[in-house]
Amino acid sequence: MEQVKTLLNELSVNPYGEKITVLGASKTRTAEEIIALFQAGVSVMGENRVQEFKEKYDTVHAAGIPYRFIGHLQTNKIKYLVGKVDLIESVDRTELLDAISAASVKAGVTTEILLQINGGKEESKSGYEVESVLSAADYALSLPNLKLRGLMAMLPADKNEQTLREICLQIREKYDIMRARYEGRAQAQIEILSMGMSEDYAIAVACGANEVRLGRILFGERK
Ligand SMILES: *Cc1c(COP(=O)(O)O)cnc(C)c1O
């Protein structure tokens, strides 16, 4: 846990002067491991499978830990998240926006979301292209019971540092445009740019991420 504390210290503020949130990507980890990491200072956790979210939710929630969703979400599973989840980071398509809005209306809650960008335009990953995310954001703001908090980016794994940098800076630029565009709008509070994982978080932070999602570097290698 000393290593975790050192890492959290290094990741306090990004070059834009914004406080960095470190999210623990807790897939395959037990609720006990999650709580131990929270006690070491990792303030937010995220699951990428609904089944795991459901299994660990009661324990994680009782410990007072904000619990997010960061994975691919099927519309028929939204009902297991709405009213419980702190934030859904991985809203990657219009159908999902419609369905989260409808489920939130039904449950009488507002669900906070990030729009997911497919930074490398990879076939194997979902998400909006950076060029089309503004119109998706406009659409999100036309729907009831959603609150748009910013962007989440999936970055390509196999790109060189220079290409990654360019992708991250382009996403940061879009994020800044969104912040200006939606200032003062009740349904938007654009404060989160979630990009970077264990392999590439340093580049992402240097290019303006204010949240990183870390799994292996916090919890150790997955079994
Ligand atoms: C697992 C996961 C991470 C963290 O990955 P590591 O390489 O273990 O840091 C980040 N984001 C998402 C969406 C994940 O599923």
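Note that the structure is predicted; figures quoted are calculated from it, not measured.

Let's talk about the overall build of the protein chain
Line of reasoning, step 1. Looking only at helices and strands, the protein chain features 8 helices and 8 strands.
Line of reasoning, step 2. Taken against the 2.2 N^0.38 rule, which gives 17 Å for 223 residues, the C-alpha radius of gyration of the protein chain at 16 Å falls within 12% of a compact globule.
Line of reasoning, step 3. Reported as C-alpha extents along the three principal axes, the dimensions of the protein chain are approximately 45 × 40 × 35 Å.
Line of reasoning, step 4. By residue count, 50% of the 223 residues in the protein chain fall in the buried class.
Line of reasoning, step 5. When the accessible surface of the protein chain is split by element, carbon and sulfur atoms take 48% of a total near 10400 Å².

So, the packing of helix H5 (residues 133–141) against helix H6 (residues 161–181)
Line of reasoning, step 1. Following both chains from N to C, one finds H5 and H6 inclined at 30 degrees, their axes separated by 11 Å at the closest point. The handedness of the crossing between H5 and H6 comes out as right-handed. Taken together, the residues of H6 that come into contact with H5 (itself represented by Val133, Leu134, Ala137 and Asp138) are Lys174, Ile177, Met178 and Arg181.
Line of reasoning, step 2. Here the contact of H5 with H6 is built from residues that sort into 5 nonpolar, no polar and 3 charged.

Things to note about the pattern of salt bridges
Line of reasoning, step 1. Under the criterion given, the structure shown has 16 salt bridges.
Line of reasoning, step 2. Across the pair aspartate 86 and arginine 68 runs a salt bridge whose closest N-O atoms are separated by 2.8 Å. With aspartate 86 in the loop between strand E3 (67–69) and strand E4 (88–91) and arginine 68 in strand E3, this pair connects stretches of sequence that are 18 residues apart.
Line of reasoning, step 3. Classification of arginine 68 as buried rests on a relative accessible area of 10%.
Line of reasoning, step 4. Here arginine 68 makes a salt bridge to glutamate 211, at a shortest N to O gap of 2.7 Å. Of this pair, arginine 68 sits in strand E3 while glutamate 211 sits in strand E8 (residues 211–214), and the two are 143 residues apart along the sequence.

As for the site of the ligand
Line of reasoning, step 1. Close to the ligand lie Ala25, Lys27, Asn48, Ile70, Met197, Ser198, Arg213, Leu214, Gly215, Arg216 and Arg222, which account for all nearby residues.
Line of reasoning, step 2. One of the side-chain nitrogen or oxygen atoms of lysine 27 is found 2.7 Å away from an oxygen atom of the ligand.
Line of reasoning, step 3. A distance of 2.5 Å separates an oxygen atom of the ligand from a polar side-chain atom of serine 198.
Line of reasoning, step 4. Compared with its free state, where it exposes 390 Å², the ligand has 93% of that area covered by protein.
Line of reasoning, step 5. Classifying every residue of the shell around the ligand by side-chain character gives 4 nonpolar, 3 polar and 4 charged.

Considering the state of the cysteines
Here a disulfide denotes one covalent bond, and it connects the sulfur atoms of two cysteines.
Line of reasoning, step 1. Enumeration over the complete set of coordinates arrives at 0 disulfides.
Line of reasoning, step 2. The thiol of cysteine 168 is unpaired, and the distance to the nearest cysteine sulfur, on cysteine 207, comes to 5.0 Å.
Line of reasoning, step 3. We classify cysteine 207 as buried; its relative accessible area is 2%.

A closer look at H5
Line of reasoning, step 1. All buried positions along H5 are accounted for by Val133, Leu134, Ala136, Ala137, Ala140 and Leu141. Taken end-on, H5 shows its buried residues confined to a sector of 160 degrees, consistent with a single buried face.
Line of reasoning, step 2. Against the buried residues of H5 lie helix H4 (94–107), strand E5 (111–118), strand E6 (146–154), H6 and strand E7 (188–195).

Reading the values: rules and limits
Residues numbered from 1 in each chain as written. Predicted model: local features only at pLDDT ≥ 70, side-chain atom pairs only at ≥ 80, totals over all residues. Heavy atoms only, no water. Helix = DSSP H or I, 4+ residues; strand = E, 2+ residues; numbered from the N terminus. Rg over C-alpha atoms; globule rule 2.2 N^0.38 Å. Buried < 20%, exposed > 50% of the residue type's maximum accessible area, 1.4 Å probe, protein only. Areas by Shrake-Rupley, 256 points an atom, 1.4 Å probe, with all protein chains shown as cover. Axes fitted to C-alpha atoms, helices over the stretch in contact; angles between N-to-C directions. Left-handed = near helix turned anticlockwise from the far one by under 90°. Contact = heavy atoms within 4.5 Å. Nonpolar A, V, L, I, M, F, W, Y, C, P; charged D, E, K, R; others polar. Salt bridge = Lys/Arg side-chain N within 4 Å of Asp/Glu carboxyl O. Near = heavy atom within 4 Å. Polar contact = N/O pair within 3.5 Å; in protein donor to acceptor, adjacent residues only side chain to side chain. Disulfide = S-S within 2.5 Å. Arc of directions from axis to C-beta.

Keep in mind that these numbers describe shape and distance, not what the molecule does.
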